[in-house]
Each structure stands twice: as C-alpha cells, then as structure tokens.
Amino acid sequence: MTDETKEASKLFGEGRYCSQAVLGAFCEKYGLDKDVALRISCGLNSGSRCAEICGAVSGAILVIGMKYGDSSDICNSKTEEFIEHFKEKNGEIVCRSIMGCDIFTPEGRAKAMNEDLFGTLCAKAVSNAAETLKELGY
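Since this is a predicted model, take the numbers as computed values, not measurements.

Visitor: What exactly am I supposed to notice about the nonpolar core here?
Guide: One broad trend across soluble globular proteins is that nonpolar side chains are buried collectively. If you look at the biggest cluster of nonpolar residues, it comprises 39 residues, and the most contacted ones within it are Ala 56, Phe 82, Phe 86, Met 99, Val 126, Leu 133 and Tyr 138. Going through the elements one at a time, helix H1 (3–13), helix H2 (18–26), helix H5 (55–68), helix H6 (72–90), helix H7 (95–99) and helix H9 (117–135) are the ones with two or more residues in this core. When residues of this core are assigned to their parent elements, the largest contribution, 7 residues, is made by H9. Leave out the neighbours within four places in its chain, and Tyr 138 touches Phe 26, Lys 29, Tyr 30, Val 63, Ile 64, Lys 67, Tyr 68, Lys 78 and Leu 133.

Visitor: I keep staring at unusual backbone geometry and nothing clicks. Help me out?
Guide: In most cases, non-glycine residues show a negative phi, while peptide bonds are predominantly trans. With phi around 55 degrees, Ser 46 is a residue other than glycine that occupies positive phi space. Classification of Ser 46 as buried rests on a relative accessible area of 12%. Look at Ala 51: it is not a glycine, yet its phi comes out positive at around 60 degrees. Among the structural elements, Ala 51 can be located in helix H4 (residues 45–51).

Visitor: Would you take a moment to explain the packing of H5 against H9 for this structure?
Guide: How two helices sit against one another is set out by the angle between their axes and by the gap between those axes. At their nearest, the axes of H5 and H9 sit 9 Å apart, and the two run at 20 degrees to each other. Relative to H9, H5 is oriented roughly parallel. The element H5 and its partner H9 pack so that their crossing is right-handed. Here Ala 56, Ala 60, Val 63 and Ile 64 of H5 come into contact with H9, specifically with Ala 125, Val 126, Ala 129 and Leu 133. A class-by-class count of the residues in the contact of H5 with H9 yields 8 nonpolar, no polar and no charged.

Visitor: I tried to follow the packing of aromatic side chains on my own but got confused; where do I start?
Guide: The way to describe two aromatic rings as a pair is by their centre distance and the angle between their planes. One pass over the full model with this rule turns up 2 aromatic pairs. Look at Tyr 68 and Tyr 138: their rings are 6.0 Å apart centre to centre, the planes differ by 85 degrees, and that puts the pair in the edge-to-face class. Pair noted here: Tyr 68 is in helix H5 and Tyr 138 is in the segment after H9, with a separation of 70 residues, a long-range link. Comparing Tyr 68 with Tyr 138 shows no difference in burial state: the two are buried.

Visitor: Would you mind going over the pattern of salt bridges with me for this structure?
Guide: Opposite charge on two side chains allows them to pair when their charged atoms are near. Inspection of the entire model under this criterion finds 9 salt bridges. For Lys 134, the salt bridge goes to Glu 4, with nearest N and O atoms at 3.4 Å. Placement of Lys 134 in helix H9 and of Glu 4 in helix H1 is noted, with a sequence separation of 130 residues between them. With its nearest N and O atoms 3.9 Å apart, the salt bridge here joins Lys 10 to Glu 7. Pair noted here: Lys 10 and Glu 7 are both in helix H1, with a separation of 3 residues, about one helical turn. Taken together, the salt bridges that share partners define one network made up of Glu 7, Lys 10, Glu 14 and Lys 34.

Visitor: Is there a simple way to think about the side chain of Ser 41 in this case?
Guide: Following the sequence through the fold, Ser 41 ends up in the loop between helix H3 (34–40) and H4. Contact partners of Ser 41, with chain neighbours within four places excluded, come to Ser 19, Gln 20, Leu 23 and Leu 62.

Conventions and cut-offs
Residues numbered from 1 in each chain as written. Predicted model: local features only at pLDDT ≥ 70, side-chain atom pairs only at ≥ 80, totals over all residues. Heavy atoms only, no water. Core = buried A, V, L, I, M, F, W, Y, C linked by side-chain atoms within 4.5 Å. Buried < 20%, exposed > 50% of the residue type's maximum accessible area, 1.4 Å probe, protein only. Helix = DSSP H or I, 4+ residues; strand = E, 2+ residues; numbered from the N terminus. Contact = heavy atoms within 4.5 Å. Axes fitted to C-alpha atoms, helices over the stretch in contact; angles between N-to-C directions. Parallel < 35°, antiparallel > 145°, perpendicular 65-115°, else oblique. Left-handed = near helix turned anticlockwise from the far one by under 90°. Nonpolar A, V, L, I, M, F, W, Y, C, P; charged D, E, K, R; others polar. Phe/Tyr/Trp six-rings, centres within 6.5 Å; stacked < 30°, edge-to-face > 60°. Salt bridge = Lys/Arg side-chain N within 4 Å of Asp/Glu carboxyl O.

See the structure below:
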C-alpha cells in the first residue's frame, strides 16, 4: 500500500468524504493546500450528492487535472485511462452501481447503513482510486 493510499484511507476513516480523501492524499504533491483541497472537493461526495459518479473517482479526476489540466487533450486521455483502470477494480464508476443501492432513497440509505457499505465498498473505492492513481504515475 502506497503512502497516498494510506493517507486516503486514513482521511476517509477519520470521517472525510470519498472525494476529499482521494484529493487530500495527493493535493500537496501538486501545490494545493490540504485545507483548500478538502473544501473544494466536499460537494463531490456520494456521487456529487445524487449517487452518480463515485466521489473517489471525482477526487481522482481533480488530481489528474492538477497534473495535466494545462493540456485538455492529455488531461482527457489521462482521465479516460484512470476510469478504465478504476472500472477494472470496481466494476463501475457510478456510486449507486458500486454500492448496489441508491443512498438517496430511504431504503437505499437504510441498506447502506445496515450493511456498512460506506465502511466496506466506499472504503475500497477510496483505496482503489488512490492506488490506481499511484499505478498510473501520480
């Protein structure tokens, strides 16, 4: 497990959101203050608050943008590369598909809480996102 993967897992375990944990683990390497990173990535959690694209993926895409954002062609291809690798590990990039429920319905939220999906599946997604970024050279 890489240092960034450990840091992302630590941040998530301390109560930070998935998006915050991934960006927070890499931000300082690219010159972004951690407090700022945690604030700007907050609203991306839980699939941008509607169970769409996984917050760990969104946090990772922000990391990719910090490295390649000055070249849209490279940034786009690197984002697509990350997504493919993430899908290989998690099967999906959509929050509700990864979790097997929509956490924005009462039934889905209850299922996620009762089955500790945040502590298992979301924690795995955070770890996989950070590990994938490291494997790809971030």
